[in-house]
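What the coordinates show
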Amino acid sequence: RVGGFFSYVLAASCSGWPADRSRISCLAHAGWAVRRALDMGFERVYFNIGSLTGDEVEVLADWMDPEEKVTMCVFQETYNPEAYSRFMGRKNDYVPKSDYLQRIQSFDNWLDAGFHQVNPGFLVGLHEAEEDLAQLVAHVEHLVARGADACMSVPRLRPALGTSTRSKVKDEGYIRLIATLALMLPQVPIVLTTRETQEFQDTVLPVIGTLSPGSPDVSPYRRHGEAANAPESSQFIIPD
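All values reported here derive from a predicted model rather than from experimental measurement. (Residues numbered from 1 in each chain as written. Predicted model: local features only at pLDDT ≥ 70, side-chain atom pairs only at ≥ 80, totals over all residues. Heavy atoms only, no water.)

**Structural notes on the environment of Val188**
Formally: Each helix is a run of H or I in the DSSP string that is no shorter than four residues. Each strand is a run of E no shorter than two, and both are numbered from the N terminus. The classification of residues rests on relative accessible area computed with a 1.4 Å probe and restricted to protein chains. Under 20% of the type maximum is buried, over 50% is exposed, and intermediate values are partly exposed. By definition, residues are in contact when any of their heavy atoms lie within 4.5 Å.
Looking at the secondary structure, you find Val188 in the loop between helix 6 (171–184) and strand 7 (190–193). Relative accessible area serves as the criterion here: at 4%, Val188 is assigned to the buried category. For the pair formed by Val188 and Gly209, sequence separation is 21 residues and the distance between their alpha carbons is 8.2 Å. Setting aside anything within four residues of it in sequence, one finds Val188 in contact with Val140, Val144, Ala150, Cys151 and Met152.

**Brief notes about the pairing of strand 7**
Condition: When DSSP finds two or more bridges between a pair of strands, those strands are recorded as paired. We call a crossover right-handed when, viewed with both strands directed away from the observer, the connection leading from the first strand over the helix to the second proceeds clockwise.
Because side chains alternate across strand 7, one face comprises the buried residues Ile190 and Leu192, and the other comprises Val191 and Thr193, equally buried. Where strand 6 (residues 152–153) and strand 7 come together, 2 bridges link them in parallel fashion. Residue pairing for strand 7: Ser153 is matched across the bridge by Val191. In this sheet, strand 8 (residues 210–212) lies alongside strand 7 in parallel orientation, the contact comprising 3 bridges. From the neighbouring strand, Val191 faces strand 8, where its bridge partner is Thr210. Since strand 7 and strand 8 lie parallel, the crossover through helix 7 (residues 198–204) that links them has a hand, and here it is right-handed.

**Remarks on the pairing of strand 2 (residues 44–48)**
Counting buried positions over the 5 residues of strand 2 gives 4, a clear majority of the element. Looking at chain direction, strand 2 and strand 3 (residues 70–75) are connected through 4 bridges and run parallel. The partner of Val45 across the bridge, within strand 3, is Val70. At this point the chain moves from strand 2, through helix 2 (residues 54–61), to the parallel strand 3, and the crossover so formed is right-handed.

**What to know about a negative patch on the surface**
To be explicit about the condition: Patch construction takes residues with relative accessible area above 30% that form no salt bridge. Like charges are linked within 9 Å, and nonpolar side chains (Val, Leu, Ile, Met, Phe, Trp, Tyr) are linked within 5 Å. In these tables, accessible area is a Shrake-Rupley quantity obtained with a 1.4 Å probe, and a residue counts as shielded only by the protein chains included in the view. By definition, a salt bridge exists where a carboxyl oxygen of Asp or Glu is found within 4 Å of a side-chain nitrogen of Lys or Arg. The charged-residue count follows a simple rule in which Lys and Arg add positive charge and Asp and Glu add negative charge, with His and chain termini not counted at all. Charged groups are reduced to one reference atom each: NZ for lysine, CZ for arginine, CG for aspartic acid, CD for glutamic acid.
On the surface, Glu82, Glu128, Glu130 and Glu131 cluster together to form a negatively charged patch. The exposed category is assigned to Glu82, whose relative accessible area is 59%.

**Brief notes about the packing of aromatic side chains**
Rule in force here: In summary, the pairing rule links any two rings of Phe, Tyr or Trp, Trp by its six-membered ring, whose centres are within 6.5 Å, and it sorts them by plane angle into stacked for under 30 degrees, edge-to-face for over 60 and tilted for everything else. For a lysine, the NZ atom is tested; for an arginine, the CZ atom; a charge sits over a ring if that atom is within 6 Å of the ring centre and within 35 degrees of the ring normal.
Enumeration over the complete set of coordinates arrives at 4 aromatic pairs. Summarising the aromatic geometry, the rings of Phe47 and Trp110 are spaced 5.4 Å apart at their centres and angled 70° between planes, so their arrangement reads as edge-to-face. Of this pair, Phe47 sits in strand 2 while Trp110 sits in helix 4 (residues 100–112), and the two are 63 residues apart along the sequence. Here Phe47 and Trp110 have matching classes, each one buried. A centroid spacing of 4.0 Å and a plane angle of 15° characterise the contact between Trp110 and Phe115, whose relative ring orientation is stacked. Taken individually, Trp110 and Phe115 each receive the classification buried, so the pair is uniform in this respect. Through successive ring pairs, a cluster of aromatic residues spans Phe47, Trp110 and Phe115. Above the ring of Phe200, the side-chain terminus of Arg156 is found at 5.1 Å from the ring centroid.

In structure tokens form, the structure reads like this:
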């Protein structure tokens, strides 16, 4: 429960198939899950996906009304095309996420279909943070000018398990980045995940809009008991 409403975060695992029946079927499952969450009374739903073409948005639109608070999250990783290709691979029809321009266009496709809620962002530390920050601001300004209700995510790159626990971007620089975003786009909430320690969360809490529970593992949540956070299967260990 954050900011007076419950949020439902859906990780839509649809980024690894070409635009065929397999991907369309997966998108339909994602739409069904969003519909279930809305019918259960969640006031806002965030779903995270690799990219969305106009035709794919239509599949999801069968399950929800554009006026419902459904936020599409597509995190650009980096706005630098060369760095993006280096880390995400060359453009490949079987990997929609590898298409740099299609990934960015997902937001306009979502807005073209009448939806309003969007959540862009980049992975802080993957490329030059200052460059990505400027590109994110320009991107958000473009979306807001189109009538989008936007929020921004700037998760910090976490070290791989078995390596140094120190982040490439130190706390001071990360705080400056978050504060700069809050100053330049005060009307656009910043989303911070619980990848960060409780102490860091408390430090930046006055300038962020939402705390999102970071999902370290594959399907980590259970009806009973704690979320899985195992070194053998997690992307990273959640300190909170």
